[in-house]
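Residue strings, one per chain:
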Amino acid sequence: MKKIVLLTLATAASASFAFAQNMDTAAYKQAHNKAESDYKAAKKACKSLKDNAQDICEEEAKVARAKAERDAVAQYKNTPRELDKANRKLADAEYELADERCDELSGDSKDSCENQARTAKANALASAGTGTAMGTTAGTSVAGTTGDGRTAVLVPNADRGTVANNAADARDRTAAAADRLGDKTAAAAATAKDKTVDMAQSAKEKTSDLAQTTREKTSNLAGTAQDKSADASAAMSDTMITAKVKADMAADKTAKAMDVHVETQKGVVMLSGFVASKAEADRAVELARGVKGVSDVKSSIQVKK
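Residues numbered from 1 in each chain as written. Predicted model: local features only at pLDDT ≥ 70, side-chain atom pairs only at ≥ 80, totals over all residues. Heavy atoms only, no water.

**As for the confidence of the model for the chain**
- Averaged over every residue, the pLDDT of the chain is 75; the share at 70 or more is 64%.
- Residue range residues 15–23 is modelled with pLDDT below 50. Its contacts to residues more than four positions away, or to other chains, number six contacts. (pLDDT = per-residue confidence, 0-100. Contact = heavy atoms within 4.5 Å.)

Structure below.
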């Protein structure tokens, strides 16, 4: 009877976990599709640029997509393998962007820039291999659900030999206890019956509590998913703003000769680089302010002397 009660609890917990996992998968797919859609829009906006400026714009869009994908994986598919894969893709994308920016330089400056890009990628890849999923700890193994529906145990790898020895000792003690139980009377059976009734009632109460907890966690998870989707949307909007500002500068007759770097964070456009005159610097700020979605423009553009 005790085994039946424990298996009932384990089955209820497994069903609740499976429901939460299914919802995670749906939320991940939604976030993934949003990242792909925003990437395509940003890449399309880059087509109005030319030469290296267009290449940099496209690599920036790829980095933004990789970041959104990594965030979606961390939230909805949080396993060491998936996190490692997403972090490696992000490291590759950031390296390609850095390498593309190095093409604007020459000589020793370009060599130094490329070396720094390779070093940054190596460090990012090294860090990617150390991640673990939320809810698990490095150096432990998590068994899945056993064939008879029971939930397995989280066991440190270093303690597996000890666990095996303890299991053997437990079997020996169980055998000795069985011999002693041969002398037990009907009074023990009556006591066992009473305990079984109590356990059944306790199991019923625990199952109800577990169901309530699962509903609350599911509700919280849904709210978190909506917040994450909103954050991802805001990040991709910054990418599109950057692409539009660059496109407007490329199309403007006054600003065609500008060498201005554009970056956007939460709607704030930051301009940097060198131009031939103050008029060009002012024109760059004016063009940035005219893009929809821009909340402020901060310029550190310097006039060449």
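**Some points on the packing of helix 3 (residues 80–102) against helix 4 (residues 107–128)**
- In contact at an axis separation of 9 Å, helix 3 and helix 4 are set at 175° when each is read in the N-to-C sense. Here helix 3 is positioned roughly antiparallel relative to helix 4, judged by the angle of their axes. Across the interface between the two elements, Asp84, Asn87, Arg88, Ala91, Asp92, Tyr95, Ala98, Asp99 and Cys102 from helix 3 touch Lys110, Cys113, Glu114, Ala117, Arg118, Lys121, Ala124, Leu125 and Ala128 from helix 4.
- Class assignment for the residues of the contact of helix 3 with helix 4 results in nine nonpolar, one polar and eight charged. (Axes fitted to C-alpha atoms, helices over the stretch in contact; angles between N-to-C directions. Helix = DSSP H or I, 4+ residues; strand = E, 2+ residues; numbered from the N terminus. Parallel < 35°, antiparallel > 145°, perpendicular 65-115°, else oblique. Nonpolar A, V, L, I, M, F, W, Y, C, P; charged D, E, K, R; others polar.)

**What about the side chain of threonine 239?**
- Residue position: threonine 239 is located in helix 6 (residues 186–251).
- What makes threonine 239 buried here is its relative accessible area of 14%.
- Those residues in contact with threonine 239 that lie beyond four places of it in its chain are Ala42, Ala61 and Ala64. (Buried < 20%, exposed > 50% of the residue type's maximum accessible area, 1.4 Å probe, protein only.)

**Focus: the state of the cysteines**
- Taken as a whole, this structure holds two disulfides when the rule is applied.
- Once the bonded cysteines of the chain are numbered in order along the sequence, the disulfide links fall as 1-2, 3-4. (Disulfide = S-S within 2.5 Å.)

**Quick look at the environment of glutamate 114**
- Position of glutamate 114 relative to the elements: it lies in helix 4.
- Accessibility expressed as a relative area gives 18% for glutamate 114, which makes it buried.
- Placed 14 residues apart in sequence, glutamate 114 and glutamate 100 show a C-alpha to C-alpha distance of 9.2 Å.
- Every residue in contact with glutamate 114, bar those within four places of it in the chain, is listed here: Asp99 and Cys102.

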